[in-house]
Amino acid sequence: MNLTFIGTGYVGLVSGVCFSEIGNQVTCVDKDLGKIEMLNNGEVPIYEPGLKELIDKNKGLGRLRFTNELTEAVHRADVVFIAVGTPSLPNGEANLEFIEQVAQDIALAMNGYKVVVTKSTVPVGTNDKIKAIISQLTSHPFDVVSIPEFLREGSAVKDTLHPDRIIIGSDSEQAARMLVELHHPLTDQIMVTEVRSAEMIKYASNAFLATKISFINEIANICEKVGADVTHVAQGMGYDKRIGSSFLQAGIGYGGSCFPKDTHALIQIAGNVDYEFKLLKSVVEVNQGQRFNVIAKLKHSLGDLKGKVIGIWGLAFKPDTDDVREAPALDIISALLEAGAVVKAYDPIAMENFRKVFEGDETVEWAGSAMDAAENCDALCLLTDWAEFKNVQLSELRQIMNQPVLIDGRNVFTKEQINQAEFQYYSIGRPQ
Ligand code: UGA
């Protein structure tokens, strides 16, 4: 099929590339000419394992193109995917400005029947609005379908090529049939439902996963007080198939561009119909508080943090990505600076992005390696579970630090490793 993806962010770019990989003719459009030039020059604007290889391959095969010419790309397409951002407004609601603009642009560019698919995460009812916008501006036939995206950053290519499920929200049988056929090479687990249910499935899924994380983080906080080990508790719970073992890793809470944004948006969606989503409000509150446990543990160990040198390992919101949006490290470093500490920070990939969005004190020292960040520190905080940190020789680490205090915000190290290296070690929800 001929497919056009509008928006070359995570969702648009990865989906477009993966659909070219399974044999479709794909055009990716973005109004940001800089991005298009980068992609045409063989550079990839995001860090995502395996993506560059697939781009090079499919561009070479003539199945993948990048352009800022939307009209021409819509003309060529059987299916047009909308994959532009829906950032949060100050009140938490999703900002639909970009979606609405793209809907107008598509309508004005139509030259025959098109299926318009919304991949962006949008509040319930948005696809009806898109339909209304398009029908006002064109007399060509079209259908609007919701196919929410479930890929994770860091494993986006794998998640897209091997999804757990595909949800197709369509009120048109013809469009649903075309899209089932398009997705069939990826999985048999395809569910066709109404548009509004598909929109809700996306928010409900992210809210549920965020709830699992805040739940296990609170269990971890209790474990610390009663002398239990949250990793064992999560393992034991996970054997129950009804609970499942994933997303029960305690730590310093979730970050990223999705869970924080989508939980706030769902609270707003509920609020707009006079429903107070109390559980989800607590999930958000617990998550915000969880990151500051790192500061509490530092104070418990070092006392006043004024003038203390603190090393930070990991700035990205999770490993294998350079994304620092809503990363716990942003708040943690701000709090450390406010307390008068000297901060030395390191991340394998996300350093540059972090410096761009971090509006804190520029006295932060940006270290060139994990060991550099730890050298002469009074304490070291691990905030992102990059593999690089797991493989460090703890005995060597101990020798270069001023004091052997290690705060492991992601429960990366085992008791045996720590005991051998004789660190003063604090993790999350495990006995010290
Ligand atoms: C999340 C969802 O997992 C995807 O299914 C969804 O498509 C995506 O949001 C989206 O809406 O676009 P992502 O934000 O890339 O994906 O990252 P996750 O791997 O889900 O991790 C989110 C955060 O939760 C990270 O900060 C991670 O450290 C944290 N987390 C995750 C935990 O603290 N504990 C866990 O057990 C799992």
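Residues numbered from 1 in each chain as written. Predicted model: local features only at pLDDT ≥ 70, side-chain atom pairs only at ≥ 80, totals over all residues.

(A) Seen up close, the overall build of the protein chain. When you go through the protein chain residue by residue, the secondary structure sums to 19 helices and 14 strands. Radius of gyration (C-alpha) of the protein chain: 23 Å, near the 22 Å computed for a compact globule of 432 residues. For the protein chain, the spread of C-alpha atoms along the principal axes amounts to about 70 × 50 × 35 Å. The buried share of the protein chain, taken over its 432 residues, is 47%. Considering only residue pairs separated by 6 or more positions, the protein chain has 71% of its internal contacts joining residues 24 or more positions apart. (Helix = DSSP H or I, 4+ residues; strand = E, 2+ residues; numbered from the N terminus. Rg over C-alpha atoms; globule rule 2.2 N^0.38 Å. Buried ≥ 20, exposed ≤ 12 C-beta atoms within 10 Å, placed from the backbone. Contact = placed C-beta atoms within 7 Å.)

(B) Spotlight on the site of the ligand. Around the ligand, the structure places 21 residues, and the nearest of them are Glu153, Gln249, Tyr254, Gly256 and Cys258. Counting only elements with at least two residues in the shell around the ligand, the list comes to α9 (195-226) and α11 (259-272). It is α9 that provides the largest number of residues to the shell around the ligand, a total of three residues. Shared between two domains, the shell around the ligand takes at least three residues from each, and those domains are domain 1 (2-193) and domain 2 (202-288). (Near = placed C-beta within 6 Å. Domains from an automatic or database assignment.)

(C) Examining the nonpolar core more closely. Core analysis: the largest hydrophobic core is formed by 128 residues, its most contacted members being Ile6, Ile106, Val116, Ile310, Ile312, Trp313 and Cys381. If you tally residues by element for this core, the top one is α9, at nine residues. Sequence-distant contacts of Ile310, that is, excluding residues within four places in its chain, are made with Leu298, Leu336, Ala341, Val343, Cys377, Asp378, Ala379 and Cys381. (Core = buried A, V, L, I, M, F, W, Y, C linked by C-beta atoms within 7 Å.)

(D) Focus on the domain arrangement of the protein chain. What the domain assignment lists for the protein chain is domain 1 (2-193), domain 2 (202-288) and domain 3 (291-426). Inter-centroid distance (C-alpha atoms) of domain 1 to domain 2 is 29 Å. Class assignment of the residues belonging to the side of domain 1 that touches domain 2 gives a composition of five nonpolar, four polar and two charged. (Nonpolar A, V, L, I, M, F, W, Y, C, P; charged D, E, K, R; others polar.)

(E) Here's a closer look at the sheet that holds strand β11 (residues 365-366). The strand order β11-β10-β9-β12-β13-β14 describes an open sheet built from six strands, whose pairing is parallel. Across the chains shown, the open sheet's two edge strands, defined by having one partner strand only, are β11 and β14 (424-426). Contacts from helix α13 (residues 293-302) reach β9 (309-313), β12 (379-382), β13 (405-408) and β14 within the one sheet, and its direction differs from that of β13 by about 160°. Here helix α14 (residues 328-338) sits on the sheet and contacts β9 and β10 (342-346); the angle it forms with β10, its principal contact strand, is near 155°. (Pairing = 2+ DSSP bridges. Axes fitted to C-alpha atoms, helices over the stretch in contact; angles between N-to-C directions.)

(F) Looking closely at the packing of α11 against helix α12 (residues 278-290). Where α11 meets α12, the closest approach of the two axes is 10 Å, and the angle between their N-to-C directions is 150°. With respect to α12, the axis of α11 lies roughly antiparallel. Here the hand of the crossing between α11 and α12 comes out left-handed. From α11, Thr263, His264, Leu266 and Ile267 reach across to α12, where they touch Leu280, Lys281, Val283 and Val284. The residue makeup of the contact of α11 with α12, split by class, is five nonpolar, two polar and one charged. (Parallel < 35°, antiparallel > 145°, perpendicular 65-115°, else oblique. Left-handed = near helix turned anticlockwise from the far one by under 90°.)

(G) Region of the structure containing helix α5 (residues 97-109). A rise of 1.5 Å per residue sets the reference length of α5, with its 13 residues, at 18 Å; its end C-alpha atoms lie 19 Å apart and thus fit the reference within 8%. For α5, the complete set of buried residues consists of Ile99, Val102, Ala103, Ile106, Ala107 and Ala109. Along α5, the residues classed as buried sweep out an arc of 165° about the axis, all on the same side. In this structure, the buried residues of α5 make contact with β1 (2-6), α4 (70-76), β4 (79-82), β5 (114-118) and α6 (126-137). (Expected span 1.5 Å × (residues − 1). Arc of directions from axis to C-beta.)

(H) Expanded view of α11. With 14 residues, α11 should reach 20 Å at 1.5 Å per residue; the first-to-last C-alpha distance of 20 Å fits that figure. Every buried residue belonging to α11 is among Phe259, Pro260, Lys261, Asp262, Thr263, Ala265, Leu266, Ile267 and Ile269, and all of these are buried. Of the surrounding secondary structure, the elements contacted by the buried residues of α11 are α9 and α12. Looking one or two residues past α11, Asp274 carries a phi angle of roughly 60°, positive in sign.

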